[in-house]
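# Summary of the model geometry
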Amino acid sequence: VTISYRHGLPVITLMLPTRSERCQFTVKPALTTVAAFLQDVQREDKGIERAEVFTTDGSKVSDATLMEVLLMNDFKLVINNTAYSVSPPVKEKLSSEHATEMEDIKSLVHRLFVALHLEDHQIRKERELLQKLDRLKEELLPLEQMKARIMDSADAKTSRLLWIGLALMSTQGGALAWLTWWVYSWDIMEPVTYFITYGSAMAFYAYFVLTKQDYIYTDAKDRQFLHYFYRKSKQQHFNVERYNKLKEDLAKAEESLRRLRQPLHLRLPIEEISDKD
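Going by an unreviewed UniProt entry, the chain carries the name Calcium uniporter protein and comes from Tricholaema leucomelas. The annotation that UniProt attaches to the chain under Sequence similarities (unreviewed entry) is "Belongs to the MCU (TC 1.A.77) family." Turning to the chain, the UniProt annotation filed under Function (unreviewed entry) states: "Mitochondrial inner membrane calcium uniporter that mediates calcium uptake into mitochondria. Mitochondrial calcium homeostasis plays key roles in cellular physiology and regulates cell bioenergetics, cytoplasmic calcium signals and activation of cell death pathways."

Listed below in structure tokens is the structure:
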């Protein structure tokens, strides 16, 4: 097995065991892996059942290793049951100016590759996001319908409770007025109204102790609505956590699609999407 450089690329010449003829393999060190090189050798000679690469100390070289790394040191090429010791020639060092030019060329090629394939990647990503959105919406549809029914029921019960409270307060006011002007006098009813007021203050303070919130009508209404909603959800086997998770995934997918479509239409680099906690 011999290695020589031709036009800056290494050419590996070896004897094919079945065909008994020499064959040359030109590899691209920065792109070709050990696995790709061995596959080319086996593809050239179908009689090769085993092809592996080992270091000089007997350690197997990973298939993902680039040929550029492999050719830096001596190695052993095992084909079937025959081992070949390979000593790559020392490649002439490039001048600093030439090396800088090569790096510039590599950078230019990389940018061209990205520019040519970026739009295809974005279109493929957009298609994946659209499929994900359709799947999430399909899973959310029955949950949305169930949630709407539960919310209607909870809202009706909350409204009914508010009207009952208004009716009780009206009845209490009417009863106090009737007792004050028609049955007893204000001198008798004044202590009664005082204790009723004091009892109401105690009730509001108890609400604060239990809920750690001031008794504000809108907050109390929302709290009662949530109480009815979660109780009804448990009865209807509505999974609130799963519904919230699907809604969160849907929002993230829509945001990703929005950020993806903006550079897709303007042909600008895609914005980096940061993970949200």
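### A look at the overall build of the chain
Tallying secondary structure elements over the chain gives six helices and six strands in all. Going residue by residue from the N terminus, the α and β elements of the chain occur as β-β-β-α-β-α-β-β-α-α-α-α. The burial tally for the chain puts 23% of its 277 residues in the buried class. By sequence separation, contacts in the chain at least 24 residues apart represent 54% of the contacts at least 6 residues apart.

### A word on the side chain of T13
Along the chain, the position of T13 falls in strand β2 (residues 9-16). In contact with T13, not counting residues within four places along its chain, are V1, T2, R22, C23 and Q24.

### Description of the pattern of salt bridges
Under the counting rule described, the total for this entry stands at nine salt bridges. With a shortest N-O distance of 3.4 Å, E144 and K247 are connected by a salt bridge. With a gap of 103 residues between them, E144 in helix α3 (residues 96-183) and K247 in helix α6 (residues 240-266) connect regions that are remote in the sequence. Owing to a relative accessible area of 28%, E144 belongs among the partly exposed residues under this scheme. Among the salt bridges present, the one from K252 reaches E248, with a minimum N-O distance of 3.6 Å. Placement of both K252 and E248 in helix α6 is noted, with a separation of four residues, approximately one turn of the helix.

### Notes on the environment of M189
With respect to the helices and strands, M189 occurs in helix α4 (residues 186-211). Residue class for M189 comes out buried when judged on its relative accessible area of 3%. For the pair formed by M189 and A177, sequence separation is twelve residues and the distance between their alpha carbons is 9.3 Å. Apart from the residues within four sequence positions on either side, M189 is in contact with L176, L179, T180 and Y184.

### Focus: the sheet that holds strand β5 (residues 75-79)
The antiparallel open sheet is built from three strands, whose spatial order is β4-β5-β6. The outermost strands of the open sheet, each flanked by one partner alone, are β4 (51-55) and β6 (82-86). Taking each pair of neighbouring strands and ignoring which way they run, the sheet shows an average axis angle of 25°. In this sheet, β6 lies alongside β5 in antiparallel orientation, the contact comprising five bridges. Following the sheet pairing, V78 is matched in β6 by A83. The strands touched by helix α1 (residues 34-44) are β4 and β5; relative to β4, the strand with the most contacts, the crossing angle is about 140°.

### Side note on the UniProt feature "transmembrane region" (unreviewed entry) in the chain
Under the UniProt annotation, "transmembrane region" (unreviewed entry) lies at residues 161-180 and 192-210. The distance from the first to the last C-alpha atom of residues 161-180 is 28 Å, and the span holds 100% helix and 0% strand. Taken as a whole, residues 192-210 contains 100% helix and 0% strand, while its terminal C-alpha atoms sit 27 Å from one another.

Cut-offs used in this document
- Residues numbered from 1 in each chain as written.
- Predicted model: local features only at pLDDT ≥ 70, side-chain atom pairs only at ≥ 80, totals over all residues.
- Heavy atoms only, no water.
- UniProt positions renumbered as here; feature names shortened; annotations may be inferred.
- Helix = DSSP H or I, 4+ residues; strand = E, 2+ residues; numbered from the N terminus.
- Buried < 20%, exposed > 50% of the residue type's maximum accessible area, 1.4 Å probe, protein only.
- Contact = heavy atoms within 4.5 Å.
- Salt bridge = Lys/Arg side-chain N within 4 Å of Asp/Glu carboxyl O.
- Pairing = 2+ DSSP bridges.
- Axes fitted to C-alpha atoms, helices over the stretch in contact; angles between N-to-C directions.

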